[in-house]
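A closer look at the structure
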Amino acid sequence: AQSVTQPDIHITVSEGASLELRCNYSYGATPYLFWYVQSPGQGLQLLLKYFSGDTLVQGIKGFEAEFKRSQSSFNLRKPSVHWSDAAEYFCAVAPYSSASKIIFGSGTRLSIRP
Amino acid sequence: KAGVTQTPRYLIKTRGQQVTLSCSPISGHRSVSWYQQTPGQGLQFLFEYFSETQRNKGNFPGRFSGRQFSNSRSEMNVSTLELGDSALYLCASSLGTGAQETQYFGPGTRLLVL
């Protein structure tokens, strides 16, 4: 069965520190992978997505993610976090045929320490 | 270009009532998808509409239904409300239905069932 695991429920990092949010997926074929961010009271915003090609994907707001097929991982990274990055982050996987059949992970809440 | 709009933003209902939520997609987008977000179950796909036809459906009971109009606006209806239907309902629109299409999410409608 398809699934997405985000092992960290809540992470706190200091402003200016680097960040890595973990994501592992289970999928029968090459997946389409996504990272979304949700700020309090807001909908989801797409940070980046991976379909094929270069396994290092650049996104908005200075985020990047690396697809590692051997580890079934798609971790999100940012070299230096800002207080405005505090939010909930969702990793997701979808079949090529439908964006709407997307399966979301349970999310990682990111807090920023001043 | 205006984003995805959802109305109402907040709603309080009692058990047994029915509710209709509305979603206006980004201009030119023909695909609208609905999601339910709860603390316990996370983000779950409800259904997707494209050109007034339901394309995909998640694993929800028949009390949850939807439709799409010729202008791509969509409504979802929940009949015989239960306490467990309390959730944030998110709508997303995209140009098409493939996973390569970026979904743009609205801010959601927060439904509280008493």
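Here, the structure is the one placed above.
We now turn to the structure provided with this report. Residue positions are counted from 1 within each chain, in the order its sequence is given. To read the labels, note that chains go from A and ligands from 1, taken in the order they are written. Selection of residues for local features in this predicted model requires a pLDDT of at least 70, selection of side-chain atom pairs for listing and counting requires 80 or more, and totals for whole chains, interfaces and linings are taken over all residues. Computation of side-chain values: all heavy atoms of the structure, hydrogens and water removed.

Description of the overall build of chain B
Secondary structure follows DSSP: runs of H or I at least 4 residues long count as helices, runs of E at least 2 residues long count as strands, and numbering of each begins at the N terminus. Helices and strands together make up the secondary structure of chain B, namely zero helices and 11 strands. Relative to its length of 114 residues, chain B is compact, with a C-alpha radius of gyration of 13 Å against a globular reference of 13 Å. Principal-axis analysis of the C-alpha atoms gives chain B an extent of 35 × 25 × 25 Å. Carbon and sulfur atoms make up 48% of the accessible area of chain B, which totals about 5,300 Å². Distance between charge centres in chain B, computed from 11 positive and 6 negative side chains, equals 5 Å. Just to be clear, the radius of gyration here is over C-alpha atoms, and the globule rule we use is 2.2 Å times residues to the power 0.38. Here the Shrake-Rupley method, with its probe set to 1.4 Å, supplies the accessible areas, and only the displayed protein chains count as covering residues. Think of it this way: Lys and Arg go in the positive column, Asp and Glu in the negative one, and His and the chain ends go nowhere. By convention, the point assigned to a charge is CZ for Arg, NZ for Lys, CD for Glu and CG for Asp.

Details of the interface of chain B and chain A
Interface extent is often summarised as the accessible area lost during association of the parts. Contacts are assigned to residue pairs with any non-hydrogen atoms lying within 4.5 Å of each other. Taken residue by residue, the interface counts 20 residues in chain B and 22 residues in chain A. Put simply, buried area is the surface a 1.4 Å probe can reach on two separate parts but cannot reach once they are joined, added for both. A combined buried area of about 1,600 Å² lies between chain B and chain A, and 54% of that area is made up of carbon and sulfur atoms. N or O atoms closer than or at 3.5 Å make up a polar contact, with two conditions inside protein: a donor-capable atom paired with an acceptor-capable one, and, for residues adjacent in sequence, both atoms drawn from side chains. Connecting chain B to chain A are two residue pairs in polar contact (both at pLDDT 80 or more). Elements with a minimum of two residues in the side of chain B that touches chain A: β4 (31-38), β5 (42-50) and β9 (87-94) of chain B. Per-class residue counts for the side of chain B that touches chain A are eight nonpolar, nine polar and three charged. Classes in brief: Ala, Val, Leu, Ile, Met, Phe, Trp, Tyr, Cys and Pro nonpolar; Asp, Glu, Lys and Arg charged; the others, Gly included, polar.

Observations regarding the nonpolar core
For the purposes of this section, nonpolar cores are sets of buried Ala, Val, Leu, Ile, Met, Phe, Trp, Tyr and Cys residues that join through side-chain atoms within 4.5 Å. Three labels apply to residues, based on accessible area from a 1.4 Å probe with only protein chains included: buried if under 20% of the type maximum, exposed if over 50%, partly exposed otherwise in between. Core analysis: the largest hydrophobic core is formed by 27 residues, its most contacted members being Leu19, Trp35, Leu47, Leu48, Phe74, Leu76 and Tyr89 of chain A. Elements represented by at least two residues in this core include exactly β2 (10-14), β3 (19-21), β5 (32-38), β6 (44-50), β8 (64-68), β9 (73-78), β10 (87-94) and β12 (108-113) of chain A. Ignoring anything within four residues of it in the chain, the contact list for Leu47 of chain A reads Trp35, Tyr36, Val37, Gly59, Ile60, Lys61, Phe63, Leu76 and Tyr89 of chain A. One finds Tyr49, Phe64, Met76 and Leu111 of chain B within the second-largest nonpolar core, a separate group that totals 21 residues.

A short note on the state of the cysteines
All names here are of chain A. A pair of sulfur atoms, both from cysteines and within 2.5 Å, is called a disulfide here. The final tally for this structure, using the stated rule, is two disulfides over all chains. Shown here is the disulfide that connects Cys23 with Cys91, its sulfur atoms set 1.9 Å apart. Between Cys23 and Cys91 the sulfur-sulfur dihedral comes to about -65 degrees; the bridge is accordingly left-handed. Within this pair, whereas Cys23 is found in the loop between β3 and β4 (24-26), its partner Cys91 is found in strand β10, the two being separated by 68 residues in sequence.

Some points on the pairing of β5 of chain A
Residues and elements named next belong to chain A. With respect to burial, β5 is a largely interior element, seven of its seven residues being buried. Side chains Tyr32, Phe34, Tyr36 and Gln38 of β5 all project onto a buried face; the interleaved residues Leu33, Trp35 and Val37 project onto the opposite face, where all are buried too. At least two DSSP bridges between two strands are required for those strands to pair. The pairing of β5 with β10 spans seven bridges and is antiparallel. Bridging from a neighbouring strand, Gln38 pairs with Glu88 of β10. Relative to β6, β5 runs antiparallel, the two being bridged by six bridges. Each bridged residue has a counterpart across the sheet, and for Trp35 the counterpart in β6 is Leu48. Where β5 folds back onto β6 in an antiparallel hairpin, the turn is made up of five residues, including Gly41, whose phi is positive at roughly 75 degrees.

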